[in-house]
Amino acid sequence: MFSPVASLMIRPFSGYAALARCDDAPRALTGALRFMLAIGAFVAFGATGRLSPFELLGGAISFAYYPLLHAIAMAMALRAVAREIPVSRAFALFAAGYGPWYLLFCAVIAVCLFVPDPGAYVKLVGVGIVVAHVWGGVMTLALFRRGLDLSWRRAVLALVIFDVVSLGTILGYFLAAGQLLPILPR
């Protein structure tokens, strides 16, 4: 009834179990490209207020490191807890779970396009990022537990490794670039 992305957002544990059994399983490259295009559209709408092809491709290419980083984090998590699971299959299932981020992108762009003073809502973006990350974390746990059929212990350990690698790298980059501390409340 729903797309795999929507189904996973509504019922992540049963959704990942069903998606893992599906004969027409998602592909890693398709999920990564879909996410890159969503980021590209977010950048295009945010920068110009329209879906400009130049900004769309520029944004997609500029942020291509996100799905790559997620694939690396997935590989490291699986190598630590479940070497027998192919990383490409696990990442393909993971990339079907970017739904909370898609909703965040849409919400931010809707505010930018339709609200008279979007700057008044800037603080809500931080809340949205936290919500998308926590929701995505539940979905990633569901992937490890039901989609990849790991025990609870191994699924939680894989989630911790995945988050430390992916979130730690992103936060470390912005901290090293001097862009994180100035925006944190004091």
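Quick caveat: nothing in here was measured; it's all calculated off a predicted structure. (Residues numbered from 1 in each chain as written. Predicted model: local features only at pLDDT ≥ 70, side-chain atom pairs only at ≥ 80, totals over all residues. Heavy atoms only, no water.)

All right, on to the overall build of the protein chain then. Helix and strand counts for the protein chain stand at nine helices and zero strands. What you see in the protein chain, going N to C, is helices and strands ordered as α-α-α-α-α-α-α-α-α. Relative to its length of 186 residues, the protein chain is compact, with a C-alpha radius of gyration of 17 Å against a globular reference of 16 Å. Along the first, second and third principal axes, the C-alpha set of the protein chain runs to 50 × 40 × 25 Å. About 10,700 Å² of surface is accessible on the protein chain, with carbon and sulfur atoms providing 70% of the total. The centroid of the 14 positive side-chain charges in the protein chain is displaced by 6 Å from the centroid of its 7 negative side-chain charges. (Helix = DSSP H or I, 4+ residues; strand = E, 2+ residues; numbered from the N terminus. Rg over C-alpha atoms; globule rule 2.2 N^0.38 Å. Areas by Shrake-Rupley, 256 points an atom, 1.4 Å probe, with all protein chains shown as cover. Lys, Arg positive; Asp, Glu negative; His and termini not counted. Charge placed at Lys NZ, Arg CZ, Asp CG, Glu CD.)

This next bit is on the side chain of His 70. Tracing the chain through its elements places His 70 in helix α5 (residues 65-81). The contacts of His 70, once residues within four sequence positions are left out, are Phe 91, Phe 94, Tyr 98, Phe 162 and Ser 166. (Contact = heavy atoms within 4.5 Å.)

Further remarks concern the layout of surface pockets. Over the atoms rolls a probe the size of a water molecule, and its path tells where empty space is left. The computed volume of the largest pocket comes to approximately 1,600 Å³. Mapped onto the lining of the largest pocket, the elements with two or more residues apiece are α3 (28-48), α5, α7 (99-114), α8 (122-147) and α9 (152-176). The element contributing the most residues to the lining of the largest pocket is α8, with twelve residues. What the second largest pocket holds in volume is close to 150 Å³. (1 Å grid on protein atoms, 1.4 Å probe; cavity = no way out; pocket = protein on both sides within 12 Å on 5 of 7 lines; lining within 4 Å. Points joined across faces, edges and corners; volume = space filled by probe spheres on them.)

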